[in-house]
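Given next are the chains, with one letter for each unit.
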Amino acid sequence: MNEALFQFIWQYSLYRVTGLHTVEGEPLTVIHSGRLNKDAGPDFLEAKIKIGTTTLVGNVEMHIKSSDWLKHGHQNDPAYKNLILHVVYENDVPDVAKNTPVLVLKDSIPAHLISKYAVLMHAPQKLPCAGQHSGVKEITKEAWLSRMLAERWEQKLADWNVMLENSTEDWRNLLYWRMAANFGFKTNATPFLLLAQSLPLNLPVKQRENLTQIEALLFGQAGMLDEDFEDDYPRELQKEYDYLKKKYNLRPIPKHLWKFLRMRPANFPTIRIAQFAALIHKSIHLFSQIIETHSVKEIEPLLDVTASSYWDTHFQFDVAQTRATPKSLGKTSIENIIINTIAPIQFLYAARQDTHALQEKSLQLLEAVPAEKNNITALWEDHGWKAKSAAQSQALIQLYNNYCSQKRCLECTVGLNIIRQPAIQAS
Ligand code: SF4
């Protein structure tokens, strides 16, 4: 038994609720457990209980041992003066909370509930509830995944809101920054974002008709043109960039920020920068198109770009390949951008406009994209929980990273159901 489990048992009334008595022998009924308080002060606020014939409303404090009351110094703390109940697992020192009724719960807690919890907490596998969650109803799990997706977006979009405020509410700019970060995918997201932030959007947009100039600006600002090249193409970019750099007083980001190691060449930042340049070159009014489009079929062509022809035979400057392959962004990358940039920006835009119907559409967009395939979704799949769409794979990633890997099973609906199940069957 620990405090977190003890509070969980109280919060969800997982003890035998009939036949309760205070240590003084008065019958006790819990009408409402109260609201869990995660801040300073008593553990549960605004609880409602009945002792004998008297109904009481107020705060409840809980301890594993009654002597913890003294250990925590509550006897000197005015916040604990007007409790309606002191709930303890064991009453090792009687009458510590003067004039406060005491309820001892040890004998009212089913033993299998504690062992279920122990199994979760001591599970050696990465997913503590592996082999147990299949007993939880599908509808319960799906509702929990919806909650996880909302939580994921809340966390993500809090940062985006700050970015939006920093760019004087310029949505085009937010899309440009977020899209750039997404083109960096996991490994080069940060340098890609720094690159976009170092290059005001109006500059590449001004050169939109001229792909070479857009590439010169992007590769130059990426710090990748400060070398002696052999090929004509990078030399030309260099020449263009030197001119534009002086004209617009630009400062490139350091080249060493870019990572190439252990990457598939098709994902090299050079290829991604060239594809990003192609997107800017191709796009007219990309933001309004993206905000107004809610079907995967219509969005895919907007993002279907290919790096310029030099990259057909190169993954890096001056290193030629014998086989020519056009470097298109590819379906999986496009889906990744819909999941990580387009759907969230649509959701944020709809939320800021207070249009619930549009928020729904951004969620539906995510539901129309196939589930992602990565280590986390594979782990869930191995244990019998297969995401049906990107909305669910995003939710399962959130669940794994923020709950399962930290063993926060007591804060998880699936955990609650697993721990509660035998208690329900037994009652
Ligand atoms: S947090 Fe929930 S889903 Fe994750 S292992 Fe625990 S009970 Fe299972």
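This one's a predicted model, so the numbers in the text were calculated from it and none came from an experiment.

Caption draft 1: Quick peek at the packing of helix H4 (residues 138-166) against helix H13 (residues 331-353). With their axes 10 Å apart at the nearest point, H4 and H13 run at an angle of 70 degrees to one another. One finds that H4 runs roughly perpendicular with respect to H13. Along the contact surface, H4 presents Trp153, Lys156, Leu157, Trp160, Asn161, Leu164 and Glu165, while H13 presents Asn340, Thr341, Ala343, Pro344, Ile345, Phe347, Leu348 and Arg352. Partitioned by chemical class, the residues of the contact of H4 with H13 number 9 nonpolar, 3 polar and 3 charged.

Caption draft 2: The domain arrangement of the protein, seen in detail. Domain assignment breaks the protein into domain 1 (3-109), domain 2 (116-166 + 370-427) and domain 3 (169-367). Relative placement of domain 1 and domain 2: their C-alpha centres are 31 Å apart. Taken together, the contact between domain 1 and domain 2 spans 6 residues of the former and 6 residues of the latter. For the pairing of domain 1 and domain 2, the buried interface totals around 590 Å² over both sides, and the portion due to carbon and sulfur atoms is 84%. If you sort the residues of domain 1 by the area they bury against domain 2, Leu5, Phe8 and Leu14 come out on top, with a joint share of 73%. Linking domain 1 with domain 2 are 0 salt bridges, by the criterion used here. The interface formed by domain 1 and domain 2 includes 0 residue pairs in polar contact (both at pLDDT 80 or more). Here the residues of the side of domain 1 that touches domain 2 are counted per class, giving 5 nonpolar, no polar and 1 charged.

Caption draft 3: Structural context of the nonpolar core. Within the largest apolar cluster, 131 residues are counted, with the highest numbers of intra-cluster contacts made by Trp10, Met179, Phe219, Phe276, Phe317 and Leu399. Apart from residues no more than four positions distant in its own chain, Leu399 is found in contact with Trp144, Leu145, Met148, Trp380, Trp385, Cys404 and Cys412. Of all hydrophobic cores here, the second largest spans 5 residues; its members include Trp69, Tyr80, Leu83 and Ala97.

Caption draft 4: A look at the pairing of strand E4 (residues 54-65). Here 6 bridges tie strand E3 (residues 44-51) to E4, and the two strands are oriented antiparallel to one another. By the bridge assignment for E4, Ile51 is matched with Thr54. Counted between consecutive antiparallel strands, the loop separating E3 from E4 contains 2 residues, among which Gly52 sits at a positive phi close to 65 degrees. By the bridge criterion, 6 bridges tie E4 to strand E5 (residues 83-90) in an arrangement that is parallel. Bridging from a neighbouring strand, Glu61 pairs with His86 of E5.

Caption draft 5: Structural context of unusual backbone geometry. Located in the positive-phi region is Thr168, a residue other than glycine, with phi close to 45 degrees. Its place among the elements puts Thr168 in the loop between H4 and helix H5 (171-183). One non-glycine residue, Phe185, adopts positive backbone phi at about 45 degrees.

Caption draft 6: Up close: the side chain of Thr377. Along the chain, Thr377 falls in helix H15 (residues 375-382). The exposure class assigned to Thr377 is buried, which follows from its relative accessible area of 8%. In terms of polar contacts, Thr377 uses its side chain to reach the backbone carbonyl oxygen of Glu372, at 3.1 Å. Filtering out sequence-adjacent residues up to four positions away, Thr377 remains in contact with Glu372 and Ser393.

Caption draft 7: Examining the site of the ligand more closely. All residues in the neighbourhood of the ligand are listed as Pro128, Cys129, Trp380, Leu399, Tyr403, Cys404, Cys409, Cys412 and Gly415. Grouping the constituent residues of the shell around the ligand by class yields 8 nonpolar, 1 polar and no charged.

Caption draft 8: Representation of the pairing of E3 within the structure. Looking at chain direction, strand E1 (residues 28-32) and E3 are connected through 4 bridges and run antiparallel. Bridge pairing links His32 to Lys48 in E3. Relative to E3, strand E2 (residues 35-36) runs antiparallel, the two sharing 2 bridges. In the sheet register, Arg35 faces E3, and the bridge partner there is Leu45.

Conventions adopted
Residues numbered from 1 in each chain as written. Predicted model: local features only at pLDDT ≥ 70, side-chain atom pairs only at ≥ 80, totals over all residues. Heavy atoms only, no water. Axes fitted to C-alpha atoms, helices over the stretch in contact; angles between N-to-C directions. Helix = DSSP H or I, 4+ residues; strand = E, 2+ residues; numbered from the N terminus. Parallel < 35°, antiparallel > 145°, perpendicular 65-115°, else oblique. Contact = heavy atoms within 4.5 Å. Nonpolar A, V, L, I, M, F, W, Y, C, P; charged D, E, K, R; others polar. Domains from an automatic or database assignment. Buried area = accessible area lost by both parts, 1.4 Å probe. Salt bridge = Lys/Arg side-chain N within 4 Å of Asp/Glu carboxyl O. Polar contact = N/O pair within 3.5 Å; in protein donor to acceptor, adjacent residues only side chain to side chain. Core = buried A, V, L, I, M, F, W, Y, C linked by side-chain atoms within 4.5 Å. Buried < 20%, exposed > 50% of the residue type's maximum accessible area, 1.4 Å probe, protein only. Pairing = 2+ DSSP bridges. Near = heavy atom within 4 Å.

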